[in-house]
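# Summary of the model geometry
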Amino acid sequence: MGEGFLHFVHGGMAMDERYDFQRIEERWQQHWLATNPYHTVTEVAKPKYYALAMFPYPSGKLHMGHVRNYSIVDVIARFKRMQGFNVLHPMGWDSFGLPAENAAIKNQIHPSTWTWDNIASMREQLRQMGISYDWEREVATCHPNYYKWTQWLFLEFYKHGLVYRKKAAVNWCPSCATVLANEQVVDGACERCDTSVIKKDLEQWFFRITDYAQVLLDDLDKLDGWPEKVKTMQRNWIGRSEGVEAKFGMAESEEKITVYTTRHDTIFGVTYLVLAPEHPLVAKLTQGTAYEAAVNAFVHKMKGLNEITRTSSETEKEGLFTGAYCLNPLTGNKVPIWIANYVLMDYGTGAVMGVPAHDERDFAFARKYDLPITVVIAPKDRDLDPVEMTDAYTDDGVMVNSGEFNGLDNELAMVKIADYMEERGLGTRKVNFRLRDWLISRQRYWGAPIPMLYCDKCGEVPVPEEDLPVTLPTDVEFRPGGESPLKTSPTFMEATCPVCGGKARRETDTMDTFVCSSWYYLRYCSPDCNAKPFAREDVDYWMPVDQYVGGVEHAILHLLYSRFFTKALYDFGHIGVNEPFQNLLTQGMVCMNGAKMSKSKGNVVSPEDIIAKYGADTARLFILFAAPPERDLEWNEQGVEGSYRFLNRVWRLIYHYAGKLESNAGAVELDDAARVLRRMTHTTLKRVTDDIATRFNFNTAISAIMELVNACYVYKEQPEQNQAVVDEALSALVILLSPFAPHIAEELWRAMGRADSVHLQQWPTYDPAALVQDEITIIVQVNGKVRDRLTVPNGLEAKQLEQMALQEPKILQHLEGKQVVKVISVPGKLVNIVVK
RNA sequence: GCCGAAGUGGCGGAAUAGGCAGACGCGCUGGUCUCAAAAACCAGUGGGGGUGACUCCAUGCCGGUUCGACCCCGGCCUUCGGCACCA
């Protein structure tokens, strides 16, 4: 046989007959804790690999979703490490946030105490999982050494004009008593607590993410390693559209109303115009008219409605005529101005034109209020009669009733009309985005304080860099209410203006926790850096993250904000990459009885219990075996027992051989059984390597390892066994198992007499020569149906196979009375005989 | 409504490039061992028909391409996820 990459088993550590997972896991966890074998440093000469799981909020308890997430990344990290990469695999805590503060109010415990206690217990649980983290890089966003730099970055964005303060109608969650970003409002409700969100007019801080809308959209095309689903969701969220802002002059004044439309080819068909109830012109148009009272009542009613009912497409369209008219810029026709619930003030211009013939929503509205319908685009195959129409016609067609544009395809008219309007000052082309600026102010205590001051003389003043961090005061009261608890701290509020030296007032709002999590992957590169948020040389080496893994629930929020941060920091010249995450894997949920595991559904299985009962290796193995990573996973305790049984089976196999295999005295001719086992060893090496490296299909990788174990058991029954072949198989087995079940693999490795760690081994490569089979099975089909199997020498050519197939008695039976039309012969695979 | 993903045994899932459908595991059935049980080990396990060698059916449904389709194309159905008055 070949020289083989492995040595022989000759007794190592004494081995228990029983697989005592508790003792084993504890032993190696202690060892890893003491030696931190996964500590990594920047080594420019070595190829790097940055493996990252989304860091958790420290709720205090690990759940199965965490276990799955971290197990997946750990396999990748261990695999890459064994392949010779310098692997960065850090862990930390997204540790600011509301639950800590709610606990403070409820239990009279300080958020800081609550949080750090939780971190301690979760860190312990992670250690019990045996994940290969570099614990020296641990970060916590609530630590002053971290949030100092969050504040520094805020000021950096401020300096570059990407942070501003404005008064705006913002989303307010009455239950959380704070404002929310658009992204945190789901179906008009708070994404945390599901309470209906209301609008409040407040002075708030914003990040100018809209400046990056176009590049955030464009660069999605570069992210080949991201799931299409996530990119689609981001594209959707950014919501780019191209259209025209058209100016409608008033019939009886000099006012102009600007509307935004993407269907300027239909402007000739405008029969009414609608303003958002909040539109500033509404009051002006109706003041002192007969319509004023009714319109005011309508506007008042709309303001009282919450976000859900107001923006749901289920909601009946409701509107009211204002009594005013404007003029169609293309036809000069008088157009009535309405207000309606479905027009939103914060998109476009807050005013839309109504073209019932070619827009579903306008059609419904026009039918309801009996507004005229003018057809301006005709389908090629029929005529449209406004009276007969039951639906708007929204497809392409030929222009009609459109003056000089009649007869053109509407797509061409789109261009011509835009040109026409621009030439005459009737409108301008405009690109619009649905993405809004990111509101980051939170009226809560447990967050990074926004480092700004207000001076009566100098106005808004940033806290100087040398005064950072602005630390959270401890003399605050926690009580439910709408004001930041920081306002209850006298020592915090009062400050000195760094510009004039006079009295200044501190900003009391804290930052959205998504700000903290938008750059933590950079801090991991140089967690101890004191002069900057991160050291340039470290970031240059480690970034981008090679593989990021987390739940799809962050598809927009965290992933979009992080991309924005990376791009901005790139533009400021602080980092050399403009996308943070090269490859993204969105793992599926952990379910039980068909529903996502959750407290509210009462179908939760605690990782602690599973680890206590079966051990971490079993838990990891099952969770990786039960489904591929992207797919939802159905938890099944019997499946867990299966994984536990498998580890026991491996244990007994090694136990059987440990100390009994002796050094082989040179090359021996292998018999059939030994050759089969050796081939199995090498096909398994290939399969497992491919499954991990190219597809992250850990479930099939584990299946392959199981098959190798089964093959070893079969070979164990051989009276004459080739010890070198067995040793090679067992060594491969333990190495292949090591990323999945690190504790037992280490224990077995040592029991096999190895002095060094299995986790420090080089990932083995397979011997292609060992895969070669002398004889292979060829299937023989007649009309595509399998009729026979032939065992033939490997390497026969098509013609030879065909001849052999045509001589088989079984095949001849099927050919009887038929005529052979054609024979397809694929060497190494099959022969298909087509008959009539 | 729009966008996306997925539908394969009793269950979780395999089939990597269009070539043996159901790997691996769970469950179940039978057996060995045992006073007995558990564990472990061995055998079987998609459905129908046949004593049998065998044979027919089968990857949500209908059609197509192909010597050959779980896989490619067209049309539907169902489930899940996202978006949802964005002008």
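Below you will find a few notes about this structure. All values reported here derive from a predicted model rather than from experimental measurement.

Conventions we followed
Residues numbered from 1 in each chain as written. Chains lettered and ligands numbered in written order. Predicted model: local features only at pLDDT ≥ 70, side-chain atom pairs only at ≥ 80, totals over all residues. Heavy atoms only, no water. Helix = DSSP H or I, 4+ residues; strand = E, 2+ residues; numbered from the N terminus. Buried < 20%, exposed > 50% of the residue type's maximum accessible area, 1.4 Å probe, protein only. Contact = heavy atoms within 4.5 Å. Areas by Shrake-Rupley, 256 points an atom, 1.4 Å probe, with all protein chains shown as cover. Lys, Arg positive; Asp, Glu negative; His and termini not counted. Charge placed at Lys NZ, Arg CZ, Asp CG, Glu CD. 1 Å grid on protein atoms, 1.4 Å probe; cavity = no way out; pocket = protein on both sides within 12 Å on 5 of 7 lines; lining within 4 Å. Points joined across faces, edges and corners; volume = space filled by probe spheres on them. Nonpolar A, V, L, I, M, F, W, Y, C, P; charged D, E, K, R; others polar. Salt bridge = Lys/Arg side-chain N within 4 Å of Asp/Glu carboxyl O. Pairing = 2+ DSSP bridges. Axes fitted to C-alpha atoms, helices over the stretch in contact; angles between N-to-C directions. Phe/Tyr/Trp six-rings, centres within 6.5 Å; stacked < 30°, edge-to-face > 60°. Core = buried A, V, L, I, M, F, W, Y, C linked by side-chain atoms within 4.5 Å. Near = heavy atom within 4 Å. Polar contact = N/O pair within 3.5 Å; in protein donor to acceptor, adjacent residues only side chain to side chain. Parallel < 35°, antiparallel > 145°, perpendicular 65-115°, else oblique. Left-handed = near helix turned anticlockwise from the far one by under 90°.

## Considerations on the overall build of chain A
Helix and strand content of chain A: 27 helices and 34 strands. Once the C-alpha set of chain A is aligned to its principal axes, its extents read approximately 105 × 90 × 50 Å. Looking at chain A residue by residue over its 836 residues, the buried ones come to 54%. Relative to all contacts within chain A whose residues are 6 or more apart in sequence, the contacts with residues 24 or more apart total 72%. Surface exposure of chain A reaches about 36800 Å², of which carbon and sulfur atoms provide 49%. Both charge centroids of chain A, one from 89 positive and one from 109 negative side chains, sit 1 Å from each other.

## So, empty space enclosed by the protein
One pass over the structure, following the stated rule, counts one cavity of 30 Å³ or more. Classifying every residue of the lining of the largest cavity by side-chain character gives seven nonpolar, no polar and one charged.

## Some remarks on the pattern of salt bridges
The final tally for this structure, using the stated rule, is 45 salt bridges. Asp20 is paired through a salt bridge with Arg18; the nearest N and O atoms lie 3.7 Å apart. Classification of Asp20 as buried rests on a relative accessible area of 17%.

## Notes on the sheet that holds strand S32 (residues 785-793)
Strand order across the open sheet formed by four strands is S32-S31-S34-S33, with mixed pairing between neighbours. At either margin of the open sheet sits one strand with a lone partner, and together these are S32 and strand S33 (820-826). Across the sheet, the mean angle from the axis of one strand to that of its neighbour is 20°, orientation sign disregarded. One ladder, built from four bridges, connects strand S31 (residues 775-782) with strand S34 (residues 830-835); its direction is parallel. From the neighbouring strand, Gln781 faces S34, where its bridge partner is Asn832. The strands that helix H26 (residues 798-805) touches are S31, S32, S33 and S34; relative to S33, the one it contacts most, it runs at about 125°.

## Looking at the packing of aromatic side chains
In the structure shown here, the tally under the stated rule is 51 aromatic pairs. Judged by centre distance (5.7 Å) and plane angle (35°), the rings of Tyr19 and Trp651 are tilted. In this pair, Tyr19 sits in the segment before helix H1 (21-35) while Trp651 sits in helix H20 (residues 637-657), placing the two residues 632 residues apart along the sequence. Accessibility assignment for this pair places Tyr19 and Trp651 in one class, buried.

## Overview of the nonpolar core
Side chains of a nonpolar character, in soluble globular proteins, are inclined to be buried together. Among the nonpolar cores identified, the biggest contains 191 residues, and Trp438 and Trp635 are the most heavily contacted of them. Here this core takes twelve residues from helix H22 (residues 698-716), the largest share from any one element. Aside from chain neighbours lying at most four places away, what touches Trp438 is Ala181, Trp205, Phe206, Phe207, Ile209, Asp512, Phe514, Val515, Ser518, Tyr561, Phe564 and Phe565. Core analysis: the second largest hydrophobic core is formed by 55 residues, Met250, Val299, Ala351 and Phe365 among them.

## So, unusual backbone geometry
For the bond from Leu468 to Pro469, the omega torsion is 0°, close enough to zero to count as cis. Residue Pro544 follows Met543 across a cis peptide bond; omega there is 0°. Tracing the sequence through the fold places Pro544 in the loop between helix H16 (536-542) and strand S26 (547-551). The phi dihedral of Gln108 falls on the positive side, at around 55°, and the residue is not glycine. Located in the positive-phi region is Phe696, a residue other than glycine, with phi close to 55°. Relative to the assigned elements, Phe696 resides in the loop between helix H21 (672-695) and H22. Relative accessible area serves as the criterion here: at 14%, Phe696 is assigned to the buried category.

## Regarding the protein's contact with RNA strand B
Near RNA strand B, the surroundings consist of 52 residues, among which Thr261, Thr262, Tyr347, Arg361 and Asn832 are the closest. Within the side chain of Lys785, an N or O atom sits 3.4 Å from a phosphate oxygen of RNA strand B. Looking at which element gives the most residues to the surface near RNA strand B, the answer is H22, with six residues. For the surface near RNA strand B, the per-class residue count stands at 16 nonpolar, 19 polar and 17 charged.

## Focus: the environment of Asn697
For Asn697, the position within the fold is in the loop between H21 and H22. For the pair formed by Asn697 and Phe96, sequence separation is 601 residues and the distance between their alpha carbons is 35 Å. Those residues in contact with Asn697 that sit more than four places away from it in its chain are Pro628 and Asp691.

## Observations concerning the packing of H20 against H22
Two elements in contact, H20 and H22, have axes separated by 11 Å at closest approach and are oriented at 40°. In this view, H20 runs oblique relative to H22, as classed from their interaxial angle. As H20 packs across H22, the resulting crossing turns out to be left-handed. The residues of H22 that touch H20, namely those facing Phe646, Arg649, Val650, Arg652, Leu653, His656 and Tyr657, are Ile705, Met706, Val709, Asn710, Cys712, Tyr713 and Lys716.

## Observations regarding the pairing of strand S13 (residues 319-327)
As paired elements, strand S10 (residues 241-250) and S13 share two bridges and run antiparallel to each other. Residue pairing in the sheet places Met250 in a bridge with Cys326 of S13. As judged from the six bridges shared by S13 and strand S14 (residues 334-340), these two strands associate in the antiparallel manner. What sits directly across from Cys326, in S14, is Val335.

## Details of the packing of H20 against helix H24 (residues 742-751)
The interhelical angle for the contact between H20 and H24, taken along N-to-C directions, is 5°, at an axis separation of 11 Å. Relative to H24, H20 is oriented roughly parallel. When H20 is examined against H24, the residues Leu647, Val650, Trp651 and Ile654 are found in contact with a partner set consisting of Ile744, Glu747 and Leu748. Here the residues of the contact of H20 with H24 sort into six nonpolar, no polar and one charged.

## Considerations on the sheet that holds strand S1 (residues 48-53)
Overall, parallel pairing links the four strands, which are arranged S2-S1-S26-S27 in an open sheet. Each edge of the open sheet carries a strand with a single partner, namely strand S2 (86-88) and strand S27 (584-587). Pairs of neighbouring strands in the sheet enclose a mean axial angle of 20°, with direction left out of account. Pairing analysis gives three bridges linking S1 to S2, with the strands arranged parallel. Each residue of the ladder has a partner; that of Lys48, found in S2, is Asn86.

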